[in-house]
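Residue-level structure breakdown
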Amino acid sequence: MLASNSHPQTTKVPNSEETMKLPAENRTFPCKSLTKGVISHGRPYPSSPIDVSFGKGLVATQDCPVGTVMEKFEGPVVEYSELGSDDIIYALNFWQDNQWKWVIATTPAIYANHSCRPNSTINDMQEIVAIRPIKAGEHITFVYNYGTAEDKWDPLWTFECQCGAKKCQGLVNCYRPWEPLYDE
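Residues numbered from 1 in each chain as written. Predicted model: local features only at pLDDT ≥ 70, side-chain atom pairs only at ≥ 80, totals over all residues. Heavy atoms only, no water.

The name an unreviewed UniProt entry assigns to the protein chain is Post-SET domain-containing protein, from the organism Linnemannia schmuckeri.

Okay, structure coming up:
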């Protein structure tokens, strides 16, 4: 998974930096319609992990507009060489101080799944941010392999995408330039 400062969706969004500077009890999100039966696990984000047939997923607990911070990758920041085999599956890489860093996320953000037609992106603060309206109960998704051919792809990340998008890339086995698929 890659977070990049050059991604077309990584510009500052409402409800992001300013909201997260507030104490957790004072954070508000422009969402409505809490989904009954889905809990936030005490985190200040309108999403929650759930069990799905292929493992785990992250779903919206409320209807959320564009710009809503859905969850955040938080945890120890390390070099690639410090990643263990279990860590690498859920690690998020990002550009910091002119070099690639990796966050070993310990938050429910690790359960956001890939889609070739995502409803979210990762900004440069490692937040999952809605890029289109998200309905309560909808899975939170982003493109796992946005990047360039020069970016390091670990073979452990390779999988056959089953997102169902008309322009699904199929085998996800390298970084690719991201092209929004909003024409479906």
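Turning to the overall build of the protein chain, a few remarks are in order. Along the backbone of the protein chain there are two helices and 13 strands. Within the protein chain, contacts between residues at least 6 apart in sequence are counted, and of these 64% link residues at least 24 apart. Taken as a whole, the protein chain presents about 9400 Å² of accessible surface, with 52% of it coming from carbon and sulfur. (Helix = DSSP H or I, 4+ residues; strand = E, 2+ residues; numbered from the N terminus. Contact = heavy atoms within 4.5 Å. Areas by Shrake-Rupley, 256 points an atom, 1.4 Å probe, with all protein chains shown as cover.)

Before going further, it helps to spend a moment on the UniProt feature "domain: Post-SET" (unreviewed entry) in the protein chain. The sites that UniProt annotates as "domain: Post-SET" (unreviewed entry) are residues 157-173. In residues 157-173, the share of helix is 0% and the share of strand is 24%. The end C-alpha atoms are 7 Å apart. (UniProt positions renumbered as here; feature names shortened; annotations may be inferred.)

Nonpolar side chains collect at one region of the surface, where Ile-89, Tyr-90 and Leu-156 lie side by side and expose about 270 Å² of accessible area between them. Mapping Ile-89 onto the fold places it in helix 2 (residues 87-90). With relative accessibility at 38%, the residue Ile-89 sits in the partly exposed group. (Patch = residues over 30% accessible without salt bridge, like charges linked within 9 Å, V, L, I, M, F, W, Y side chains within 5 Å. Salt bridge = Lys/Arg side-chain N within 4 Å of Asp/Glu carboxyl O. Buried < 20%, exposed > 50% of the residue type's maximum accessible area, 1.4 Å probe, protein only.)

On to the environment of Ser-81, then. Mapping Ser-81 onto the fold places it in the loop between strand 5 (77-78) and helix 2. In this structure Ser-81 comes out as exposed when scored by relative accessible area, which is 70%. Placed 21 residues apart in sequence, Ser-81 and Trp-102 show a C-alpha to C-alpha distance of 9.8 Å.

Looking now at the sheet that holds strand 9 (residues 120-122). One open sheet holds the three strands; their spatial order is 4-10-9, and the pairing between them is antiparallel. Two strands lie at the open edges of the sheet, namely strand 4 (69-72) and strand 9, each paired on one side alone. For this sheet, the mean angle separating the axes of adjacent strands, direction not counted, is 25 degrees. Taken together, the three bridges between strand 9 and strand 10 (residues 127-130) define a ladder with antiparallel strand orientation. Of the residues in strand 10, the one forming a bridge with Thr-121 is Val-129. (Pairing = 2+ DSSP bridges. Axes fitted to C-alpha atoms, helices over the stretch in contact; angles between N-to-C directions.)

Within a regular strand, side chains alternate between the sheet's two faces. As paired elements, strand 2 (residues 47-52) and strand 3 (residues 55-60) share six bridges and run antiparallel to each other. Note on strand 3: the bridge partner recorded for Asp-51 is Lys-56. From the end of strand 2 to the start of strand 3, which pair antiparallel, there are two residues.

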